[in-house]
Structures are given as C-alpha cells and as structure tokens.
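What follows is each chain in one-letter form.
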Amino acid sequence: FLYRKNKGGIQMTKPYGTVLIKAAKIMDYLAEEPNKSLQEIAAATDLTNSTALKILETLQLIGYVAKDKQKEYRLGSKLVKYANKNIQELDLVEISLPFLEELQEKADETIHLGVLTANEILYVNKLEPQNQTIRMSSKVGISRPLYSSAMGKAVLAEFDETSYEAYLDETPLQPYTENTITNVLKLNQELREVRQLKIAFDDEEMEKDIFCIGAALLKDEEIVGAFSVSLPKYRLTESYKQTLLQEIRATKDKIEAAI
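Residues numbered from 1 in each chain as written. Predicted model: local features only at pLDDT ≥ 70, side-chain atom pairs only at ≥ 80, totals over all residues. Heavy atoms only, no water.

A.B. asks: So what's going on with the sheet that holds strand β6 (residues 120-127)? Which residues, and what values?
C.D. replies: Strand order in the open sheet formed by six strands is β7-β6-β5-β10-β9-β8, with antiparallel pairing between adjacent strands. Unpaired on one side and paired on the other, β7 (143-145) and β8 (200-203) mark the two borders of the sheet. Here the strands of the sheet are splayed against their neighbours by 30° on average, with no regard to which way each runs. The pairing of strand β5 (residues 110-117) with β6 spans seven bridges and is classified as antiparallel. Paired with L113 across the strands is N125, a residue of β6. Running at roughly 25° to strand β9 (residues 210-219), helix α8 (residues 238-258) makes contact with β8, β9 and β10 (222-232) of the sheet. (Pairing = 2+ DSSP bridges. Helix = DSSP H or I, 4+ residues; strand = E, 2+ residues; numbered from the N terminus. Axes fitted to C-alpha atoms, helices over the stretch in contact; angles between N-to-C directions. Contact = heavy atoms within 4.5 Å.)

Take a look at the structure:
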C-alpha cells in the first residue's frame, strides 16, 4: 500500500498495478543475484512458483529477463541497453561540460547538448548565457526534429542512405516557421553542404528570430550526440558568425578527442 498525505492526515491507498511491484522485486533480486532458478526467485521474493513463473515469462517476452539452457534467469538485453544508453548520456554530459563552458567563455550565448533519440534530438544539457538579457525557452528533456534544428541536421547528415530514406519515410516535414525546410530536395542539398562544412544551421526554422549553429559528435564514426550555439539573429554579423564557426569546430574536435 501507498501512504499519501491529505488535509485529513495520512490516507492509505492501494497502488495501481500490483503485478508491477512484484515484477520490480524480481528484477531487483536478479540485479543482485543473477542466474537463479524459478524456485530461488520465488522464495527470495515471497511469491508462489506459479506467480513468479507468469511474471518471468512476461518479462522474458519483452526482453527484460533472459533464461539460459539451465533454466536460470538473469536480467535481459533490453534493460542492459537502456542502462548503457543512460550511462552514455551521463558520460557525454560530464565529458563535454568543460569544453562547452570554455566555448561559452568565448561566445556568451545559449549552448545545448543533445543526443539522438527516436529520430529526434533530445536536450540533455543547457548552458545559459551569463551576460545576455534574452533567454531561450528551451529546457533539458525536450526534443526537436532533426530536419529543422541545427543539431538535428548535423546528426542527419551522418546517416547512411538506408537510415536517411527510412527517416524520410517515417517523418513528415511539417513547418514550424515560414523558414522551415519542408521540401526533400532542398533538405538533401542542405545536408550535402553540412557534410562538407561539418556544421549545420537553423536559420529561424524552429523559432522566429533565433539562429543556431550545430555540430555532430562522433566516436569511431558512430553518432554519440551533438551540440549547438543559439542566439537572436539580430546579433549575428558575418564577422561574429565566422568566429562562432571557428570556435564550434575547435570545440567539436576537443570533445571528440575526449570521448
């Protein structure tokens, strides 16, 4: 049971989905004690053999638990994949932070760090400008489309042909502003330029009056993330743009060397 505070004191409520709690007990046990039999798992989690078996079979079906030839259970590859992904994201945030802070010392603008998730860029870190009055509304945890964001286009340019075609099949190119690229031929041309420059731009394509410059982060030719610098377009002179390009390329090289 769960205990919840209200105006009348503490109220005891029955949790929704008690089978999930039982499943969690099993997974907690297997995390500490892998390669256990059905009988051992049932005894350790105070479940009957039949209940434990039903839950284990379901967990096995969705990849959260695996069973070997000796009929012993351990945590499955799906959970390991999720764990590794979270660890990689945390590592990227930690490794990149000093280099992004160094970049911000040279360009006092909003800096984002993102990772590729479900054909979108998920923000995993954000550095706010120190001396600028205009702040962006973006937050860690939100995502942006690949085709209309600087980080997204930098990542999209690294897709192989098969992955890119699959992305286009799954993703309608919807406009966010009047500048959003919604024509596949125009997007193809821009991505060719991104591959040459190793830099991508969002020229008021996600938000009016906001210009972003992004770069992908690679490890052994695999995409691990991306970062960008965002600023109000009225501050973007050609001289400042060239300075940002130079600093972003240098930061990309440093982070990739570190990872």
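A.B. asks: Quick rundown of the pairing of β9? Include the residues and the values.
C.D. replies: Counting buried positions along β9 yields nine of 10 residues, so the element is predominantly enclosed. Pairing geometry for β8 and β9, over four bridges, is antiparallel. Of the residues in β9, the one forming a bridge with D203 is F211. Between the end of β8 and the start of β9, which pair antiparallel, lie six residues, with E204 showing a positive phi angle near 60°. One ladder, built from 10 bridges, connects β9 with β10; its direction is antiparallel. Directly across from A216, in β10, lies its bridge partner A226. Remark: two residues form the turn of the hairpin made by β9 and β10, two consecutive strands paired antiparallel; D220 in that turn has positive phi of roughly 55°. (Buried < 20%, exposed > 50% of the residue type's maximum accessible area, 1.4 Å probe, protein only.)

Shape descriptors only; they carry no functional weight alone.
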